[in-house]
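# Fold and contact review
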Amino acid sequence: KAGVTQTPRYLIKTRGQQVTLSCSPISGHRSVSWYQQTPGQGLQFLFEYFSETQRNKGNFPGRFSGRQFSNSRSEMNVSTLELGDSALYLCASSLAAGNQPQHFGDGTRLSIL
Amino acid sequence: GNSVTQMEGPVTLSEEAFLTINCTYTATGYPSLFWYVQYPGEGLQLLLKATKADDKGSNKGFEATYRKETTSFHLEKGSVQVSDSAVYFCALRRETSGSRLTFGEGTQLTVNP
């Protein structure tokens, strides 16, 4: 069974640009969550989607947005990139929202120049 | 609010030594508690979990007991191996927060042969 797949693995952008990251959950999983990992702030929750609806949102500015498609694949978008957005972005999927184990992808490493 | 505090790292041990990584939490209600492990260049893997007080999670020789009275979930292993070298994260999930995880800062463990 394939795991959570995140693409691309690495990305380099410059300030002011925008970026879209993709996450394909494990087959049959309907909940997708996104996290940002940085050395200074650690792992911080961005948002959670279930059945194409945003169920939960962390404390990030509106430049960070996401969506989920009918096949449960999810994308997150960051507009007007800032140097501080450099991070590892992790996606996690689970069968349903709530009390289900979450499976993480290997992340997308975003570097802002 | 919810928070998780882990012992500061890095932790360096010799092979076959005893491991303890302390984790305490602050949360209302009865959160579920988790330990995740992250190997270099990879995402997070669920190591073990406990969903109610006095539950003991265990996997691959690692154990942690959910202690409601001390709000703790310390990770232990009787004999570490070089292959256990990784970053370990303690996390909680509240009943009312869907799949959202709140993570501790992470503890880097290095095991020397």
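Okay, so let's go over this structure. In this text, all values refer to a predicted model and were calculated from it rather than measured experimentally.

### Topic: the sheet that holds strand β3 (residues 19-21) of chain B
The pairing of strands in a sheet happens through backbone hydrogen bonds and is either parallel or antiparallel. All names here are of chain B. Spatially, four strands are ordered β3-β9-β8-β7 in an open sheet, and the strand pairing comes out antiparallel. In this open sheet, the two edge strands, each paired with only one partner strand, are β3 and β7 (56-59). For this sheet, the mean angle separating the axes of adjacent strands, direction not counted, is 15°.

### Remarks on the pattern of salt bridges
Residue and element names in this part refer to chain A. For the structure on display, the rule yields seven salt bridges over all chains. For Glu75, the salt bridge is made with Arg67, and the minimal N-O distance between the two is 3.3 Å. With relative accessibility at 16%, the residue Glu75 sits in the buried group. Note on Arg67: relative accessible area 47%, which makes it partly exposed. Glu75 is the partner of Arg73 in a salt bridge, and the nearest nitrogen-oxygen pair spans 3.3 Å. The class of Arg73 is partly exposed, set by a relative accessible area of 24%. Salt bridges linked by common partners bring Arg63, Glu82 and Asp85 together as one network.

### What about the sheet that holds strand β3 (residues 19-24) of chain A?
Residue and element names in this part refer to chain A. Here we have four strands laid out as an open sheet, ordered β1-β3-β8-β7, and antiparallel in their pairing. What marks the edges here is a single partner per strand, and that holds for β1 (5-7) and β7 (64-68). Adjacent strand axes in the sheet meet at a mean angle of 15°, parallel and antiparallel pairs treated alike. Bridge analysis of β1 against β3 gives three bridges, and the strand direction is antiparallel. Each bridged residue has a counterpart across the sheet, and for Thr5 the counterpart in β3 is Ser24.

### So, the environment of Ser72 of chain A
Residue and element names in this part refer to chain A. Within the fold, Ser72 resides in the loop between β7 and β8 (74-78). Residues Ser72 and Pro101 lie 29 residues apart in sequence; the distance between their C-alpha atoms is 17 Å. Discounting chain neighbours no more than four positions away, the residues touching Ser72 are Pro25, His29, Arg30 and Val32. Polar contacts involving the side chain of Ser72 include one to the main-chain carbonyl oxygen of His29, which spans 3.3 Å.

Definitions and cut-offs
- Position labels on residues start from 1 in each chain and follow its written sequence.
- Here every chain gets a letter starting at A, and every ligand a number starting at 1, in the order they are written.
- Reporting of local features is limited, given that this is a predicted model, to residues whose pLDDT is at least 70; pairs of side-chain atoms are given and counted only at 80 or more, and all residues count toward the totals for whole chains, interfaces and linings.
- To get the side-chain values, all heavy atoms of the structure are used, and hydrogens and water are removed first.
- For two strands to count as paired, DSSP must find a minimum of two bridges between them.
- By definition, any uninterrupted DSSP run of H or I lasting at least four residues is a helix, any uninterrupted run of E lasting at least two residues is a strand, and each is numbered from the N terminus.
- Axis lines are fitted to C-alpha atoms, over the contacting stretch for helices. Their N-to-C directions set the angle, which ranges from 0 to 180 degrees.
- We define a salt bridge as a contact between a side-chain nitrogen of Lys or Arg and a carboxyl oxygen of Asp or Glu at a distance within 4 Å.
- Three exposure classes are used, based on accessible area relative to the maximum for each residue type with a 1.4 Å probe and protein chains only: buried under 20%, partly exposed in between, and exposed over 50%.
- Here a residue-residue contact requires only that any non-hydrogen atoms of the pair lie within 4.5 Å.
- Here a polar contact is recorded for every N or O atom pair within 3.5 Å, except that within protein the pair must consist of a potential hydrogen donor and a potential acceptor, and residues adjacent in sequence are included only if both atoms are side-chain atoms.

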